[in-house]
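Descriptive structure summary
These are the residues of each chain, in order.
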Amino acid sequence: MIKVLQYGEGNFLRTFVDVYFDTLNKAEKGEYAVNIVKPITFGTLERFERQENKYHIVLRGMENGKSVENVYKVDSLENVIDPFIDYDKYISLAKDKDLKIIVSNTTEAGICYNANDKMDGFDGITYPAKLTKFLYERFKAGLNGLYLLPVELIDNNADELKKCVDKYIELWALPEAFKVWNDGQNFYCNTLVDRIVSGYPRDEETKEHLEELIGEKDELVSIGEPFGLWAVEKKGNITDYIQEGVHNIEVVLTNDIGYYKKRKVRVLNGSHTNLVPAGLMLGAVTVYDAMTDEKLSAFVENTLKEEIIPYVSSDIAATTVFANSVKDRFMNPFLNHQLVSISLNSISKWKARVLPSFKDYYTEHGKIAPNLTIGFSYLMALYSSINKQGDKYIVKVPNREIELKDDLPYLEYFANGNSVKAFMSDENIWGEDLTAYAGFAKEVEINVAKIKEGICLI
C-alpha cells in the first residue's frame, strides 16, 4: 500500500492526480490510497460523504481529429478529512508508515511564509506552516521522510515550498535534528502540470447530458480535456512510487523540469497570448472560433513553426509533437475558452510568454519576428482603443464591446490617450526598452494604424 496525502479537494487534483493513481490501481500496477485533506476552513465535505468518496471525471475533447467524451469512475480516495474538525485523524497520517507522497494544490498564493504564524496555531496559518507541523510529527514518530510534489503554478514550486518550511523551522526554533531530517529524508520535487479542467458543469443542459452519459447523478463530477502531462523532478527513489508512462495522464520523471516549463510557457501559453488580441479584433469569441477561422488558424500554425518551436530546444521534433497536441487542444469544442477571459493581464503575459521567443528570433536572424510583431501590434491596437466608462475599460471590437482587465496603470495610460511607442520604451513594464529592437516600434506603429483602419494583417 502506498498512501498519498493530498492538500486540496478541488476539481483539478481530482481530475488529474487522483485519476492517475486510480488508473494505476485498476491496471494492477500498484496499490494507492489517496487521503484528501481540506487545506482551508471554507467549504464542506458533504458531497464526498454522500458519495462515499467516489466520483466520475469526463474527459471531453479532440483525439486524432475526432470528438470524444470518455467517462472514468474514480475509486482511489481512502479518506477525505477536515482537519479543522478532526485534527487527530489528520495528524495520524503523519505517523502512518505507508504514507509516501504529499501532493498539494493550494493556489499560486498558497506557498508563502508569514512570520506571524504560530506553532500552536492551525486554521489561520499558511499551508507551508501546516506542512512543517505535520512533518515534525512524522519526525518525532521516528519515521522516514516523504516525497513532496506540489503542483502550484509557480516556478520551482518544490524549492519554494522547502524554503518556507526551512523558515518555519528557524522561526519556531525547532530542533536541529529535525532540520537535518528534513534536509536529508524528504525529497522536494519540482513539478509541472498540464491539463485544462473546467470542473463541475454550470448549465443544466450539460448536467443532464453528463448524468445520462455516466448513468447516475454525481455531485462531484468534473470535466477535463483528454490531454494530461505531469513532469516530476527525479529525486531519491521516486521511481518506487511514481510510475512513468501514460496512465490517463502522461507522467515524465526528469532531471530537467525546466525544459517542460519552457515548452508549455512558450508553445501553449505563448501561442495563446499571441492569438488572443488578433482573434478579438477580428471578431472571434472563443479559442475554438479562432482556430476554425482559416486565417487565424494559419497565423497560429505559422507562428509556432517559424518563430516559437525552433527556440524551445534543440529537439525540434519533440517540441513539434507537443505543438501539434496544443493545436488539437485549441480545437476542443467543449472547453468554450473565452478570448476575453484569456486576455486578463495581457501585458505581463506577453512579457513572460512571448517576449523570450521574440528575443531569440531577433538574436538569430537580426530582425524582428514577423508574426510575433503582428500579434503585439494587435495587442497595442486593442489597448490603445480603450475608453473608460465608469470604473471599466471598454474596447469596441467588430461584434461587441469587451472589458479589458489588467494592471490599473496600464489601463489608465491608454485611456488617457498616451502613445504606444512610449509604452514600448518603458523598462519598468518590459524589463527593457522594446524600441531598441531595430524597426520594431516603427512596424508596430504602422500596423496599429492599419488595424484601426480595418485592414487585416493576417
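Before reading on, note that the structure itself is shown above.
Digging into the nonpolar core
- Grouped together as the largest cluster of nonpolar side chains are 74 residues, with contacts concentrated most on F376, M380 and F440.
- If one sorts the elements of this core by residue count, helix α9 (residues 257-281) sits on top with ten residues.
- If we skip the residues at most four places from it in the chain, F376 touches N274, W350, M424, W430, L434, F440 and V444.
- Ranked by size, the runner-up nonpolar core spans 37 residues in total, among them F16, V19, Y241 and I249.

Section: the sheet that holds strand β11 (residues 222-224)
- Taken together, four strands build an open sheet; the order of strands is β4-β3-β11-β10 and the sheet is mixed. The open sheet has two free edges, formed respectively by β4 (66-74) and β10 (197-199), since each of these has just one partner strand. Each neighbouring strand pair of the sheet contributes to a mean axis angle of 20°, computed without reference to strand direction.
- With nine bridges connecting them, strand β3 (residues 55-63) and β4 associate as antiparallel partners.

Some thoughts on the layout of surface pockets
- Computed from the structure, the second largest pocket encloses a volume of approximately 540 Å³.
- For the second largest pocket, the lining is made up of 25 residues, of which E63, P226, F227, G228 and S325 are closest to its centre.
- Looking at the lining of the second largest pocket, the elements that each hand over two or more residues are β3, β4, β14 (249-254), α9 and α12 (316-330).
- Among the elements that take part in the lining of the second largest pocket, α12 stands out by supplying six residues, more than any other.
- Within the lining of the second largest pocket, the residues separate by chemical class into 13 nonpolar, six polar and six charged.

A look at the pattern of salt bridges
- Scanning the model with the defined rule gives 24 salt bridges in all.
- As a salt-bridge pair, D75 and K54 come within 3.9 Å of each other at their nearest N and O atoms. Of this pair, D75 sits in the loop between β4 and β5 (77-81) while K54 sits in the loop between α3 (46-50) and β3, and the two are 21 residues apart along the sequence.
- According to the relative accessible area criterion, K54 is partly exposed, its value standing at 32%.
- For K179, the salt bridge is made with D183, and the minimal N-O distance between the two is 3.0 Å. Placement of the pair is K179 and D183 together in helix α7 (residues 176-185), with a separation of four residues, close to one helical turn.
- Taken together, the shared-partner salt bridges connect D22, K26, K54 and D75 into one network.

Here is what the cut-offs are and how they apply
- Residues numbered from 1 in each chain as written.
- Predicted model: local features only at pLDDT ≥ 70, side-chain atom pairs only at ≥ 80, totals over all residues.
- Heavy atoms only, no water.
- Core = buried A, V, L, I, M, F, W, Y, C linked by side-chain atoms within 4.5 Å.
- Buried < 20%, exposed > 50% of the residue type's maximum accessible area, 1.4 Å probe, protein only.
- Helix = DSSP H or I, 4+ residues; strand = E, 2+ residues; numbered from the N terminus.
- Contact = heavy atoms within 4.5 Å.
- Pairing = 2+ DSSP bridges.
- Axes fitted to C-alpha atoms, helices over the stretch in contact; angles between N-to-C directions.
- 1 Å grid on protein atoms, 1.4 Å probe; cavity = no way out; pocket = protein on both sides within 12 Å on 5 of 7 lines; lining within 4 Å.
- Points joined across faces, edges and corners; volume = space filled by probe spheres on them.
- Nonpolar A, V, L, I, M, F, W, Y, C, P; charged D, E, K, R; others polar.
- Salt bridge = Lys/Arg side-chain N within 4 Å of Asp/Glu carboxyl O.

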